[in-house]
Amino acid sequence: MTGFGDEEPVIRALTERFPGRIEDAAAFARDNRVLLIQSDNVPIDVTLGALPFEQRATERATPFEIGPDEALRTCSAEDLIVLKAFAGRDRDWADIEGVALRQAGALDEALIWEELLPLLHVKGDEESADRLRRLLAT
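What this report covers is the structure whose coordinates are included nearby. (Residues numbered from 1 in each chain as written. Predicted model: local features only at pLDDT ≥ 70, side-chain atom pairs only at ≥ 80, totals over all residues. Heavy atoms only, no water.)

**Considering helix α2 (residues 25-32)**
Buried within α2 we find A25, A26 and A29. When α2 is viewed along its axis, its buried side chains cluster within an angular range of 100° and face the same direction. On its buried side, α2 packs onto α1 (7-17) and β1 (34-39). A positive backbone phi angle near 65° is found at R33, which sits one or two residues after α2. (Buried < 20%, exposed > 50% of the residue type's maximum accessible area, 1.4 Å probe, protein only. Helix = DSSP H or I, 4+ residues; strand = E, 2+ residues; numbered from the N terminus. Arc of directions from axis to C-beta. Contact = heavy atoms within 4.5 Å.)

In structure tokens:
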């Protein structure tokens, strides 16, 4: 959680340790609030959180070991679906389908809708909610 205005120290610290996956990853992060970095062969998307949903997602995050004595906190499957549905790119929908298949029967769909619907409302995006309903029903 960087909040708004405190992103730079986080961007600097991470780009000093991990290479960017795109040219000028720091500028992309400032513009899009997502830092695209690489750890060995693992691509990592670091969201520069500031919204109440992002705070709650951070509180629900759990550690994922990326190396000896190294772990990153990663979001829940439900929060990943919310993030991906909100972004709504073709690749995001493919990722959502994969998460839904791997987590079949274990997803807290009420949590997904509780978090996602207000975000989509602000965005004015009814289509993504319909698309996710169809995907989760399969």
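**Details of the nonpolar core**
The biggest cluster of nonpolar side chains holds 20 residues, and the ones touching the most others in it are I81, I96, L107, L116 and L132. Mapped onto this core, the elements with two or more residues apiece are α3 (52-60), α4 (77-87), α5 (90-102), α6 (109-123) and α7 (127-137). Take this core: its biggest share by element is five residues, from α6. (Core = buried A, V, L, I, M, F, W, Y, C linked by side-chain atoms within 4.5 Å.)

**Points about the packing of aromatic side chains**
All chains considered together, the criterion is met by zero aromatic pairs. Residue placement shows K123 over the ring face of F86; its charged tip is 4.7 Å from the ring centre. The lysine or arginine in question, R133, covers the ring of W113, its NZ or CZ lying 4.7 Å from the ring centre. (Phe/Tyr/Trp six-rings, centres within 6.5 Å; stacked < 30°, edge-to-face > 60°. Lys NZ or Arg CZ within 6 Å of the ring centre and 35° of its normal.)

**Thoughts on unusual backbone geometry**
The phi angle at D40 is positive, at roughly 50°, despite the residue not being glycine. On the secondary structure map, D40 appears in the loop between β1 and β2 (42-47). Assessed through its relative accessible area of 69%, D40 is described here as exposed. Despite not being glycine, D69 shows a phi value in the positive range, around 60°.

**Considerations on the pattern of salt bridges**
Counted by the stated rule, this structure contains 13 salt bridges. A salt bridge links R56 to E115; the nearest nitrogen and oxygen atoms lie 2.7 Å apart. Of this pair, R56 sits in helix α3 while E115 sits in helix α6; the two residues are 59 residues apart in sequence, bridging distant segments of the chain. You can call E115 buried: its relative accessible area is 3%. (Salt bridge = Lys/Arg side-chain N within 4 Å of Asp/Glu carboxyl O.)

**Digging into the environment of E115**
Taking the C-alpha atoms as reference points, E115 and R56, separated by 59 residues in sequence, lie 9.4 Å from one another. Dropping the residues within four chain positions of it, E115 is found in contact with F53, R56, R60 and V82. Within polar-contact distance, the side chain of E115 engages the side chain of R56 at 2.7 Å. Within the structure, the side chain of E115 is placed 3.1 Å from the side chain of R60, a separation counted as a polar contact. (Polar contact = N/O pair within 3.5 Å; in protein donor to acceptor, adjacent residues only side chain to side chain.)

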